[in-house]
Amino acid sequence: MSTVNGCLPSQLFTAASAQSRAAFRPVSTARVGSSSAPTPPSLIRNEPVFAAPAPIIHPLLKEDMATDSYEEAIAALQKLLSEKGELGPVAAAKIDAITADLKTVDGTAAISSESVERLKTGFITFKREKYEKNPALYGELAKGQSPTYMVFACSDSRVCPSHVLDLQPGEAFVVRNVANLVPPYDKTKYAGVGSAIEYAVLHLKVKEIVVIGHSACGGIKGVMSFACDGSSGTDFIEDWVKIALPAKNKVLAENGAVPFGDQCTVCEKEAVNVSLGNLLSYPFVRDGLVKGTLALKGGYYDFVKGSFELWGLEFSLSPSLSVKDVATILHWKLM
């Protein structure tokens, strides 16, 4: 059972060792709607990080696409059928089906679906209102990136960290997954997350790693609900959210009598601490913490109340300490 310190801002964890300690402490509490304006980020270091050739993109949508008539498209299909007689009745049936799908109830053309049109107009708005109005920013971004933050956030569509924290392009290297979890160091099982952390810390030289949990998290509700008896009803989800089992065990041990919804809320924050603890299993993260070039933060966004909490992991360890030593100091049970 995990006994990592709870993540409520009023709590502080201090290890028994006087020389080696790790503690969560509150940094700040903010409420959405603050009037302070963001400071434009300083984006680029003097030396390049990695460069890649610009991709060749074949667009599906063009500005003049709406001028292509529905009748011309159908005529082209029928011409193809007449020239390729071997296509036969099967192809003709396919054309009839396509024709029916392309027509709306009143018979007008539906060149693109509403969802695709939303993406098109969204990009047009972005380019007009942001890209073209910030040539200096996007000119710097064309040269490379040098973000201050690495952010772990949930894939939940309601909690985009760039939107919630008003982060500008180039400020944050973001990893999003179910329940905003950071798995322990494992070069085989969790190579995707590990490569992102390695790249952010060793190549981008981020200064802060921030793990952000949120209210009404479906992934955390899942880990609190799953039987954890070895059975599984999903291909991937249950195995992934088991990363947060130490948080679940701690919540049940300390809050077993409270309603399930309240348990989930506590676990949403405690799972952030599990991820902060797991970050310590990455040698390059520990090295950055020891050298003072890297800091770890936990955050919690409540989109129901419109609030945001932030707390820090104070870290003071000698470079000689091993992963097992770190776990001992944190009272962390290695799985």
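Predicted, not measured: the structure shown is a model, and the values here were computed from it.

The rules behind each value
- Residues numbered from 1 in each chain as written.
- Predicted model: local features only at pLDDT ≥ 70, side-chain atom pairs only at ≥ 80, totals over all residues.
- Heavy atoms only, no water.
- Helix = DSSP H or I, 4+ residues; strand = E, 2+ residues; numbered from the N terminus.
- Buried < 20%, exposed > 50% of the residue type's maximum accessible area, 1.4 Å probe, protein only.
- Contact = heavy atoms within 4.5 Å.
- Areas by Shrake-Rupley, 256 points an atom, 1.4 Å probe, with all protein chains shown as cover.
- Pairing = 2+ DSSP bridges.
- Polar contact = N/O pair within 3.5 Å; in protein donor to acceptor, adjacent residues only side chain to side chain.
- Phe/Tyr/Trp six-rings, centres within 6.5 Å; stacked < 30°, edge-to-face > 60°.
- Lys NZ or Arg CZ within 6 Å of the ring centre and 35° of its normal.
- Expected span 1.5 Å × (residues − 1).
- Bend = angle between axes of the 7 residues up to and from the residue.
- Patch = residues over 30% accessible without salt bridge, like charges linked within 9 Å, V, L, I, M, F, W, Y side chains within 5 Å.
- Salt bridge = Lys/Arg side-chain N within 4 Å of Asp/Glu carboxyl O.
- Core = buried A, V, L, I, M, F, W, Y, C linked by side-chain atoms within 4.5 Å.

What follows concerns the overall build of the chain. Of the regular secondary structure elements, the chain holds 12 helices and 6 strands. Here the chain holds 335 residues, and 36% of them are scored as buried. Here the analysis covers contacts within the chain between residues at least 6 apart in sequence; of these, 72% occur between residues at least 24 apart. Of the roughly 19600 Å² of accessible surface on the chain, 57% is carried by carbon and sulfur atoms.

With that out of the way, let us pick up the pairing of strand 5 (residues 295-302). With 7 of 8 residues buried, strand 5 is to be regarded as a mostly interior element. As paired strands, strand 4 (residues 208-214) and strand 5 are joined by 7 bridges and run parallel to one another. Across the sheet, residue Ile209 finds its bridge partner in strand 5, namely Leu296.

Here the focus is the side chain of Asn278. Tracing the backbone through its elements, the reader meets Asn278 in helix 10 (residues 260-279). Classification of Asn278 by relative accessible area gives buried; the value is 6%. Within the structure, the side chain of Asn278 is placed 2.8 Å from the backbone oxygen of Val182, a separation counted as a polar contact.

Counted under the stated rule, the structure contains 9 aromatic pairs. Between Phe126 and Tyr131 the ring centres are 6.3 Å apart and the planes differ by 55 degrees, which places this aromatic pair in the tilted class. Look at Phe126 and you get partly exposed, because its relative accessible area is 30%. Judged by relative accessible area, Tyr131 falls into the partly exposed class, the value being 39%. Relative to Phe284, the ring of Tyr282 has its centre 6.0 Å away and its plane inclined at 50 degrees; by these criteria the two rings are tilted. Put simply, the rings of Phe123, Phe126, Tyr131 and Tyr138 pair up and form one aromatic cluster. Between Lys269 and the ring centre of Tyr300, over which it is positioned, the NZ or CZ distance is 4.8 Å.

Glancing now at helix 10. With 20 residues, helix 10 ought to run about 28 Å at 1.5 Å a step, and its terminal C-alpha atoms sit 28 Å apart, in line with that. Along its length, helix 10 reaches its greatest deviation from straightness, about 25 degrees, at Glu268. Judged by how many residues are buried, helix 10 sits mostly within the fold: 15 of 20 residues are covered.

Right, let's talk about the environment of Pro184 for a bit. Here Pro184 shows up in the loop between strand 3 (172-177) and helix 6 (191-203). Taking C-alpha positions, Pro184 is 8.3 Å from Leu280, a pair spaced 96 residues apart along the chain. Discounting residues that sit within four places of it in the chain, Pro184 has contacts with Tyr190, Asn278, Ser281 and Tyr282.

Nonpolar side chains collect at one region of the surface, where Phe123, Phe126 and Tyr131 lie side by side and expose about 300 Å² of accessible area between them. As for its placement among the helices and strands, Phe126 is situated in helix 3 (residues 114-131).

Take the nonpolar core next. Ranked by internal contacts, the top residues of the largest apolar core, which has 56 residues, are Met150, Phe152, Ile197, Ile209, Leu279, Val285 and Leu296. Looking at this core, the element that brings in the most residues is helix 10, giving 7 residues. Excluding residues within four positions of it along the chain, Ile197 makes contact with Met150, Phe152, Val182, Leu279, Tyr282, Phe284 and Val285.

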